[in-house]
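Observations on chain architecture
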Amino acid sequence: MNERHLYPFPVSVNEAVEHLNNGAVVAMPTETVYGLAGAAFNDDAVLKIFKTKGRPKFNPLIVHCADMGMAQSIADFSPLAHELAAAFWPGPMTLVLPKKQSAKISDLVTAGLETVAIRLPKHPLARELLLKFAQPVAAPSANPSGKLSPTSAQHVIEGFKNTVPVVDGGACEAGVESTILAVLDNRIVLLRPGSISAEMVTAATGLVVELPQSNKVVAPGMLKSHYAPNASVRLNVTKPSGEEAFLGFGTIAGVGASSRNLSPSSDLAEAAKNLFQYLRELDATGAPTIAVAPIPNEGIGIAINDRLTRAAADRAL
Ligand code: TXA
Ligand code: MG
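How each quantity is defined
- Residues numbered from 1 in each chain as written.
- Chains lettered and ligands numbered in written order.
- Predicted model: local features only at pLDDT ≥ 70, side-chain atom pairs only at ≥ 80, totals over all residues.
- Heavy atoms only, no water.
- Helix = DSSP H or I, 4+ residues; strand = E, 2+ residues; numbered from the N terminus.
- Pairing = 2+ DSSP bridges.
- Contact = heavy atoms within 4.5 Å.
- Axes fitted to C-alpha atoms, helices over the stretch in contact; angles between N-to-C directions.
- Near = heavy atom within 4 Å.
- Polar contact = N/O pair within 3.5 Å; in protein donor to acceptor, adjacent residues only side chain to side chain.
- Areas by Shrake-Rupley, 256 points an atom, 1.4 Å probe, with all protein chains shown as cover.
- Nonpolar A, V, L, I, M, F, W, Y, C, P; charged D, E, K, R; others polar.
- Core = buried A, V, L, I, M, F, W, Y, C linked by side-chain atoms within 4.5 Å.
- Buried < 20%, exposed > 50% of the residue type's maximum accessible area, 1.4 Å probe, protein only.
- Parallel < 35°, antiparallel > 145°, perpendicular 65-115°, else oblique.
- Left-handed = near helix turned anticlockwise from the far one by under 90°.

**Points about the environment of Ser 102**
By secondary structure assignment, the location of Ser 102 is in the loop between β4 (93-98) and α5 (107-110). When the C-alpha atoms of Ser 102 and Ala 75 are compared, they prove to be 9.1 Å apart, with 27 residues separating the residues in sequence.

Below, the structure written as structure tokens:
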């Protein structure tokens, strides 16, 4: 690799903590995607996150915590929220909960909302960073707003043109962003599907998971067009046309340099892990369109189809 990095690459967790202490932003691996981290209590650091991503300020950030003590200093946990935390944390789940009056986090993080999104990641380097920094860290996905999420350190370097220090944790295990759940009294609303499926949430709590259409709670960041490669995206394709790159799944696969198969064995977890990497690789072929095979809409396939639908959405603003 002959690219010039403005920061030494990679930076250690200790160096990353120093950057956070200085009010700078730093990219950290999590088990879902890489996050662009800044001290959640520091207005300037949080502003840098929005600026670096080009993210609209109405779109709130997820606060990453080392442990339940830290999480409970920020949000009120109902018995149901405790149940979910016990079942899935640390892990790829984000809870939207009432923000505590006394929470020491910048209002920019929550975009002025009375709720706050919290997550305890399980990636060992994210955990080490959070334990050493010992303060909550705001972190959206470490990609320019609207683009494909980063599942490797190299994706972050490319996305921000080497301007952000990166802790390298290798390829992300889950590959799609965390499942976001809003917890309201005794109800759970799925704001963003992820690798923890609605069925898993129901199995852990005995409650049916509601969809956001049925009430007013939404994740402001769930824009119709998102996660977009440069190429246009065409879904549910079994036979691509000559000029299209092809993203296959299972037995529906293409041949040649402009084809990838998300999972030859039809394993949805493997497909999620490969999703953003393969979209990037096919985008790099310069094909005008990426055609995508049908993906079963079950389990983590629901999260994959959610991201693909947004990647395929009309981008006219
Ligand atoms: O896996 C992940 O969740 C990654 C890693 C880095 O943790 N983060 C991530 O962040 O995907 P981001 O900013 O790309 O997506 C966060 C989503 C946005 O759609 C945002 O609108 C929503 O969470 N969100 C944040 N705070 C919220 C709140 N108080 N109420 C509703 N939605 C909220
Ligand atoms: Mg994102």
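**A look at the sheet that holds strand β9 (residues 209-210)**
The strand order β1-β2-β6-β3-β5-β4-β7-β8-β9 describes an open sheet built from 9 strands, whose pairing is mixed. Because the sheet does not close on itself, it has two edges, and the strands there are β1 (26-28) and β9. One ladder, built from 2 bridges, connects strand β2 (residues 35-39) with strand β6 (residues 137-138); its direction is antiparallel. Across the sheet, Ala 39 pairs through a bridge with Val 137, a residue of β6. This element, helix α2 (residues 43-53), spans β2 and β6 of the sheet and lies at about 155 degrees to β2.

**Observations regarding the site of ligand 1**
The local shell around ligand 1 holds 29 residues, among which Thr 32, Asn 59, His 64, Arg 119 and Ser 178 are the closest. Interatomic distance of 2.6 Å between a side-chain N/O atom of His 64 and an oxygen atom of ligand 1. In the complex, the protein chains occlude 97% of the 680 Å² of accessible area that ligand 1 would expose alone. When contributions to the shell around ligand 1 are tallied by element, the ones reaching two or more residues are β3 (62-64), β5 (115-119) and β8 (187-192). The dominant element in the shell around ligand 1, judged by the number of residues it contributes, is β5, at 4 residues. Along the lines of polarity and charge, the residues of the shell around ligand 1 split into 17 nonpolar, 8 polar and 4 charged.

**Some points on the nonpolar core**
Core analysis: the largest hydrophobic core is formed by 64 residues, its most contacted members being Phe 77, Leu 84, Leu 95 and Val 137. Top element by residues in this core is helix α4 (residues 79-88). It accounts for 5 residues. With near-sequence residues (within four places) excluded, Phe 77 lies in contact with Met 68, Ala 71, Gln 72, His 82, Ala 85, Trp 89, Leu 95 and Leu 97. Grouped together as the second largest cluster of nonpolar side chains are 30 residues, Leu 247, Leu 279, Leu 282 and Ala 311 included.

**What to know about the packing of helix α1 (residues 13-21) against helix α6 (residues 124-133)**
Relative to each other, α1 and α6 sit at 50 degrees, their axes nearing to 9 Å. Viewed along their axes, α1 and α6 adopt a mutual orientation that is oblique. Between α1 and α6 lies a crossing whose hand is right-handed. From α1, Val 13, Asn 14, Ala 16, Val 17, Leu 20 and Asn 21 reach across to α6, where they touch Leu 125, Glu 128, Leu 129, Lys 132 and Phe 133. A per-class count over the contact of α1 with α6 returns 7 nonpolar, 2 polar and 2 charged.

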